[in-house]
Amino acid sequence: MKSALVLASQSRIRSDLLTRAGLKHRIDPARLDEESVRAALEAEAAPPRDIADALAEMKARKISERNPDALLLGCDQVLALDRRVFGKPETEADAQDHLHALSGQRHQLLSAAVICEGGKPIWRHVGVARLTMRALSDRFIETYVARNWESIRHSVGGYKLEEEGVRLFTRVEGDYFTILGLPLLELINYLTLRGDLDT
């Protein structure tokens, strides 16, 4: 990376993806009341895509103010089932409720990324993946959540596709990196066109 890159997130997965792709960066998490912002946007009937994009931009802008000479990468992911938006489960009961709602249904994961420089957005992308969950029994949901709670509590919808969560699905359409929460290929394309990455 020729420009300094700062990830405005404490997501270990996003940081690992950047590191494995050879994108040197540092982490400076943005402190936002995401639930309040999401609730306000939902109250205004904002589409799920706009919610993810707005949260990603808010994170990047906030940290960009104190890092004026760096590229600030803000990210957010939302899960949409029709017009209902899911966040991270707060309790095991929440995770079970999410999985009951998603069972046998097709939903979307929307992963937004925004880069700010000097406090202004200069690039944005929202990746979309579509996942079809198999019909799950009450017993399976209960035991799945109990086994995986410490991991899935950090994920929208209450599952992680890269772990045992893969067993929950019959079909996955879309980019794997988008599912993990970062549209990595589009980010690399942009940084390459900017001249920050050698080809």
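Our subject is the structure listed above.
Residues numbered from 1 in each chain as written. Predicted model: local features only at pLDDT ≥ 70, side-chain atom pairs only at ≥ 80, totals over all residues. Heavy atoms only, no water.

(A) Examining the pattern of salt bridges more closely. Here the structure, examined in full by the defined rule, presents 15 salt bridges. A salt bridge links glutamate 57 to arginine 61, with the shortest nitrogen-to-oxygen separation between them at 2.7 Å. With glutamate 57 and arginine 61 both in helix α3 (residues 48-64) and 4 residues apart, this pair spans about one turn of that helix. Classification of arginine 61 as partly exposed rests on a relative accessible area of 33%. Its salt-bridge partner being arginine 194, residue glutamate 117 comes within 3.7 Å of it at the nearest N-O pair. With glutamate 117 in strand β5 (residues 106-117) and arginine 194 in helix α7 (residues 184-194), this pair connects stretches of sequence that are 77 residues apart. Judged by relative accessible area, arginine 194 falls into the partly exposed class, the value being 33%. A cluster of three or more residues bridged by salt bridges with shared partners is formed by Asp53, Glu57, Arg61 and Arg124. (Salt bridge = Lys/Arg side-chain N within 4 Å of Asp/Glu carboxyl O. Helix = DSSP H or I, 4+ residues; strand = E, 2+ residues; numbered from the N terminus. Buried < 20%, exposed > 50% of the residue type's maximum accessible area, 1.4 Å probe, protein only.)

(B) Representation of the layout of surface pockets. The calculated volume of the largest pocket comes to roughly 910 Å³. If you trace the largest pocket, you find 35 residues lining it, with Ser11, Arg14, Lys88, His154 and Ser155 closest to the centre. Of all elements in the fold, only α1 (12-20), α2 (34-43), β3 (71-81) and α6 (176-180) reach the threshold of two or more residues within the lining of the largest pocket. Partitioned by chemical class, the residues of the lining of the largest pocket number 13 nonpolar, 8 polar and 14 charged. Of the volumes computed, that of the second largest pocket is approximately 170 Å³. Contributions of two or more residues to the lining of the second largest pocket are made by α1 and α6. Split by residue class, the lining of the second largest pocket holds 5 nonpolar, no polar and 6 charged. (1 Å grid on protein atoms, 1.4 Å probe; cavity = no way out; pocket = protein on both sides within 12 Å on 5 of 7 lines; lining within 4 Å. Points joined across faces, edges and corners; volume = space filled by probe spheres on them. Nonpolar A, V, L, I, M, F, W, Y, C, P; charged D, E, K, R; others polar.)

(C) Highlighting the pairing of strand β6 (residues 120-133). The pairing of β5 with β6 spans 12 bridges and is classified as antiparallel. By the bridge assignment for β6, leucine 109 is matched with alanine 129. Hairpin connection of β5 to β6: 2 residues between the antiparallel strands, including glycine 118 at a positive phi of 60°. Of the pairings in the sheet, the one linking β6 to strand β7 (residues 169-173) comprises 4 bridges and is antiparallel in character. The residue bridging threonine 132 from the neighbouring strand is arginine 171, located in β7. (Pairing = 2+ DSSP bridges.)

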